[in-house]
Amino acid sequence: MIKPLCAALPLCIGLALVALTGCASVDYQPYYGRNSVQAGNGGTKVSVDGVDFWANGSPPFEFKVLGVVTSEVGSGVGAKGLIE
């Protein structure tokens, strides 16, 4: 005989995964314009797997804007986790 708790565990895990994946959305829009190459003044950044994400400000060197990412993160999920 299967205990009721053990039988409900896969269902609970499945519902939790669906809820977590529904908490975050990401939208990427490519940038088109003459001023795509810019020079920044510095700021704060987060590096994930060798890729720099500038949270505030911009890199203190010339860089090219490829696009804009807009993300919405639900409660309990951090922005760094979304990037990874």
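Residues numbered from 1 in each chain as written. Predicted model: local features only at pLDDT ≥ 70, side-chain atom pairs only at ≥ 80, totals over all residues. Heavy atoms only, no water.

1. Some details on the overall build of the protein chain
Along the backbone of the protein chain there are two helices and six strands. Expressed as a percentage of its 84 residues, the buried residues of the protein chain come to 8%. Long-range pairs, those at least 24 residues apart, make up 54% of the contacts in the protein chain with a sequence separation of at least 6. Accessible surface for the protein chain amounts to roughly 6,900 Å². Of this, 61% is attributable to carbon and sulfur atoms. (Helix = DSSP H or I, 4+ residues; strand = E, 2+ residues; numbered from the N terminus. Buried < 20%, exposed > 50% of the residue type's maximum accessible area, 1.4 Å probe, protein only. Contact = heavy atoms within 4.5 Å. Areas by Shrake-Rupley, 256 points an atom, 1.4 Å probe, with all protein chains shown as cover.)

2. A few points about the pattern of salt bridges
One pass over the structure, following the stated rule, counts one salt bridge. Among the ionic pairs, K45 bridges to D52, the shortest N-O distance being 3.4 Å. Residue K45 is classed as partly exposed on the basis of its relative accessible area of 44%. (Salt bridge = Lys/Arg side-chain N within 4 Å of Asp/Glu carboxyl O.)

3. A short note on the environment of T70
Position of T70 among the secondary structure elements: in strand β6 (residues 67-73). Among the residues examined, T70 registers a relative accessible area of 46% and is labelled partly exposed. In this structure the C-alpha to C-alpha distance between T70 and Q29, which are 41 residues apart in sequence, comes to 8.4 Å. Once you skip the residues sitting within four places of it in the chain, T70 turns out to touch S25, V26 and D27.

4. A look at the pairing of strand β3 (residues 42-48)
Pairing of β3 with strand β4 (residues 51-58) involves seven bridges; the strand directions are antiparallel. Residue S47 lies in a different strand from β4, and its bridge partner there is D52. Once β3 ends, the chain turns through two residues before running back antiparallel as β4, passing D49 with a positive phi of about 55°. (Pairing = 2+ DSSP bridges.)

5. Comments concerning the side chain of S36
Examined against the element boundaries, S36 turns out to sit in the loop between β1 (24-30) and β2 (37-39). The class of S36 is buried, set by a relative accessible area of 12%.

6. Digging into a nonpolar patch on the surface
Where nonpolar side chains cluster on the molecular surface, the patch consists of V26, Y28, L66 and V69 and spans about 420 Å² of accessible area. For L66, the position within the fold is in the loop between β5 (62-64) and β6. (Patch = residues over 30% accessible without salt bridge, like charges linked within 9 Å, V, L, I, M, F, W, Y side chains within 5 Å.)

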